[in-house]
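So the chains spell out like this:
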Amino acid sequence: MKVAIPLFGTWVSPRFGYSPEVWILNVEDGEVISQKTVPMVGLSLPFWCNQLSHLGIDAVICGGIDRVCHYKLESLGISVIPEVAGEAIEVLDLFLAGKLEPGFRNCRRKGRGFKGRRGRYFEPQWTTDEKK
Amino acid sequence: MKTGRSTSFFNIILDSIADGVFTINNQEEITSFNRAAEEITGFSRDEAIGQYCFNIFRANICQTECALRQTIKTGKPIINKHVNILDREGKEVPVSISTSLLRNEKGKVIGAVETFRDLSVVEELKKEISRQYSLEDIIGKNYQIQSIFHILPDIAESDSTVLIQGPSGSGKELFARAIHNLSHRKDDPYIKVNCGALPDTLLESELFGYMKGAFTDAKRDKPGRFALAERGTIFLDEIGDMSQALQIKLLRFLQEKEYEPLGGIITVKANVRTITATNKNLSDLVKNGSFREDLFYRLNVVNIELPPLSKRREDIPLLIENFIGKFNLKKGKNIIGVSDTVMEFLMTYDFPGNVRELENIIEYAFVLCKDMIIKIKHLPRELTHDFQDREVTKRFTLAHPLKNAEADLIQKTLKKHQGNRIETAKELKINRSTLWRKIKKYDLQ
């Protein structure tokens, strides 16, 4: 499956549709087969969704996401894991291990060590079921 | 104990403020988050404190032009910058932000503070007002445009012939289209003919059509534009360029509402509303004899005079906003506005090509702009070249006429020698280091 993580430096982009690039990973049996970054700078939100669809993405791991974009991605057959915050590589590890859930936020602070490997979870205020 | 009490007072004060306030340390981690910030963002204080500000605030500028980062970097506060944030429910909230540095008692920078005000209600009101400033595809709050907006529905309903006068690019065609769309003919055809684009003979056959055998190669009947516009509206652009011979035929059509196709013997009745436009002064053309007076009075039943863009500068920001929205949709970009310098440039530019030129400038900027804000470097160089020179002159004109003259002379000499400072210093008969100091002092390029 193809997974996309919008990036803000080494972080998961805090807001979908506003990051300069997206990290695309080809994942099979919990392992990364191939990866690349695709520039997305300056694209509007509808174009983001269409571009991800053209790239054949199956799942998007992202930070905050506009509701309309969320619906749009799902209507294009792309599943969304929203409200995720943290270092992209750590988030990816959790995803590969099947432990990543919407609302995951890791609490690592610079110079203070890692406060709990599992991080904190902020429950999203709405779920896919509610939307439907 | 004293510190604890003052922190508590500090929190009470912050919580009593209606604007959202949060502070960050030098690592961009949130250190305080007031009650209004909780309400606007949807995140609780507990959730926010300790998080990186970009993960909570989630403004559209966080990843490109973060205001707090800029303030920490430059030391300069940012006041009332309009952005939008994504709240916890995934809803966009327009806010106005202001930032400032935080220093400890020794003056060392320990972070920054950001205050933000929810503009949802203001934006709704703005949308409501902008609806009043637009009619069909036309935008304007200028009093002349507004007075046309007021009478346009009545003009549209009247079915009278309309003459629209205005300089090239001022939107004559948009008004013609709006009149058609507001009239009872809106479901019938709207046909546009540019009278200046076709030679006289061709224009005649184009307007009135021709019958089989009217001329060589006329192998079948061809309906003219008047026939195609039956029950609808015909818009004759550049009417001032029409020949005298054709003017007579048009006059007859306007008087009798009938015409004969080229080579035809049967008179055809037509039910067509005529709207004409020109960028020339038809009264002057009548005076010098190149336009028929009787036709002028036939066309000039209702006259709409459009002002040039340089006479309705108050509309420029509205038009810019509209074009940015239009090109964002068309080109799939996410540009949110223009920089203050660009706005200043556009507000002072003469726009010989009027609204069309402004649209072209914004379209050009869309090609070059890879950020979210259009900057002066994204505009066509041939336009901004003079502006940058003017900027230098303007800085000194009012307050320091002598300095202005000196800066102006140095700038011109530098330009003459393509920026070569040695040659410039030689010509000005000053030392190179003196020239360097003056360039720094006047901030010349």
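Please read all numbers here as calculations on a predicted model, not as lab measurements. (Residues numbered from 1 in each chain as written. Chains lettered and ligands numbered in written order. Predicted model: local features only at pLDDT ≥ 70, side-chain atom pairs only at ≥ 80, totals over all residues. Heavy atoms only, no water.)

Attention now goes to the overall build of chain A. Assigned secondary structure in chain A consists of four helices and eight strands. Listed by position from the N terminus, the elements making up chain A come as β-β-β-β-α-β-α-β-α-β-β-α. Within chain A, the fraction of its 132 residues that count as buried is 49%. Within chain A, contacts between residues separated by at least 24 positions form 41% of all contacts whose residues are at least 6 apart in sequence. Within the structure as shown, chain A displays about 6200 Å² of accessible surface, and the carbon and sulfur contribution to it stands at 50%. (Helix = DSSP H or I, 4+ residues; strand = E, 2+ residues; numbered from the N terminus. Buried < 20%, exposed > 50% of the residue type's maximum accessible area, 1.4 Å probe, protein only. Contact = heavy atoms within 4.5 Å. Areas by Shrake-Rupley, 256 points an atom, 1.4 Å probe, with all protein chains shown as cover.)

All names here are of chain B. Its boundaries defined by the atoms lining it, the second largest pocket holds a volume of some 670 Å³. For the second largest pocket, the lining is made up of 25 residues, of which Gly 171, Glu 173, Leu 174, Val 355 and Glu 359 are closest to its centre. Contributions of two or more residues to the lining of the second largest pocket are made by strand S7 (138-139), helix H8 (172-182), helix H14 (316-331) and helix H16 (354-368). With five residues, the top contributor of residues to the lining of the second largest pocket is H8. For the lining of the second largest pocket, the two domains that each supply at least three residues are domain 2 (133-307) and domain 3 (313-379). (1 Å grid on protein atoms, 1.4 Å probe; cavity = no way out; pocket = protein on both sides within 12 Å on 5 of 7 lines; lining within 4 Å. Points joined across faces, edges and corners; volume = space filled by probe spheres on them. Domains from an automatic or database assignment.)

This part covers the pattern of salt bridges. All names here are of chain B. Enumeration according to the criterion identifies 25 salt bridges over all chains in this entry. Measuring nitrogen to oxygen at the nearest pair gives 2.7 Å for the salt bridge that ties Arg 45 to Asp 15. In this pair, Arg 45 is assigned in helix H3 (residues 45-48) and Asp 15 in helix H1 (residues 2-16), connecting sequence segments 30 residues apart. One salt bridge in this structure joins Glu 258 and Arg 252, with 3.2 Å as the shortest N-O distance. For Arg 252, a relative accessible area of 29% gives the class partly exposed. (Salt bridge = Lys/Arg side-chain N within 4 Å of Asp/Glu carboxyl O.)

Before going further, it helps to spend a moment on the pairing of strand S12 (residues 233-237) of chain B. Residues and elements named next belong to chain B. Most of S12 sits out of view: five of its five residues are buried. Taking every second residue as pointing to the same face, both faces of S12 are buried, with Thr 233, Phe 235 and Asp 237 on one and Ile 234 and Leu 236 on the other. Both strand S9 (residues 190-194) and S12 contribute to a ladder of five bridges, which runs parallel. Its bridge partner lying in S12, Ile 191 is registered against Ile 234. Relative to strand S15 (residues 273-278), S12 is paired through four bridges, and the arrangement is parallel. Across the sheet, the residue bridging to Leu 236 is Thr 276, located in S15. (Pairing = 2+ DSSP bridges.)

A word on empty space enclosed by the protein. One pass over the structure, following the stated rule, counts three cavities of 30 Å³ or more. In this model, the largest cavity occupies a volume close to 110 Å³. Tyr 18, Val 41 and Gly 42 of chain A together with Thr 64 and Met 372 of chain B are the residues nearest the centre of the largest cavity, which is lined by 14 residues in total. Space inside the second largest cavity adds up to approximately 70 Å³. The wall of the second largest cavity is formed by Phe 22, Cys 53, Phe 54, Phe 57, Ala 59, Ile 61, Cys 62, Cys 66, Ala 67, Leu 68, Ile 97 and Glu 114 of chain B. When its residues are assigned to classes, the lining of the second largest cavity shows 11 nonpolar, no polar and one charged. (Nonpolar A, V, L, I, M, F, W, Y, C, P; charged D, E, K, R; others polar.)

With that settled, the discussion passes to the sheet that holds strand S16 (residues 302-305) of chain B. Adjacent strands of a sheet pair through backbone hydrogen bonds, lying either parallel or antiparallel. Residue and element names in this part refer to chain B. Pairing is parallel in the open sheet, where five strands are placed in the order S9-S12-S15-S8-S16. Edge positions in the sheet fall to S9 and S16, since each has one partner strand and no second. Put simply, the sheet's adjacent strands are angled 20° from each other on average, direction ignored. Pairing geometry for strand S8 (residues 162-165) and S16, over four bridges, is parallel. Its bridge partner being in S16, Ile 164 is matched across the sheet by Ile 304. Across the sheet, helix H7 (residues 143-158) is in contact with S8, S15 and S16; its angle to S16 comes to roughly 150°. (Axes fitted to C-alpha atoms, helices over the stretch in contact; angles between N-to-C directions.)

What follows deals with the confidence of the model for chain A. All names here are of chain A. Mean pLDDT over chain A works out to 81, with 80% of the residues at or above the 70 mark. Note on residues 108-119: pLDDT under 50 across the span, and 22 contacts to partners over four residues away in sequence or across chains. pLDDT under 50 marks residues 123-132. Its contacts with residues more than four places away, or in other chains, come to 17 contacts. (pLDDT = per-residue confidence, 0-100.)

Below, the discussion takes up the side chain of Arg 58 of chain B. Note on placement: Arg 58 of chain B falls in the loop between helix H4 (53-57) and helix H5 (67-74). The class for Arg 58 of chain B is buried, based on a relative accessible area of 1%. For Arg 58 of chain B, the side chain forms a polar contact with the side chain of Glu 83 of chain A, separated by 2.7 Å. (Polar contact = N/O pair within 3.5 Å; in protein donor to acceptor, adjacent residues only side chain to side chain.)

Once that is clear, we can look at the interface of chain A and chain B. Listed per partner, the contact involves 34 residues of chain A and 34 residues of chain B. Contact between chain A and chain B buries roughly 2900 Å² in total, counting both sides, with carbon and sulfur atoms accounting for 48%. The three residues of chain A that bury the most area against chain B are Phe 8, Arg 15 and Tyr 18 of chain A, which together make up 24% of that side's buried surface. Two residues, Glu 92 of chain B and Arg 15 of chain A, come together in a salt bridge whose shortest N-O distance is 3.1 Å. There are nine residue pairs in polar contact (both at pLDDT 80 or more) connecting chain A and chain B. Every element with two or more residues in the side of chain A that touches chain B is listed here: strand S1 (2-8) and helix H1 (45-54) of chain A. Its residues assigned to classes, the side of chain A that touches chain B comprises 15 nonpolar, eight polar and 11 charged. (Buried area = accessible area lost by both parts, 1.4 Å probe.)

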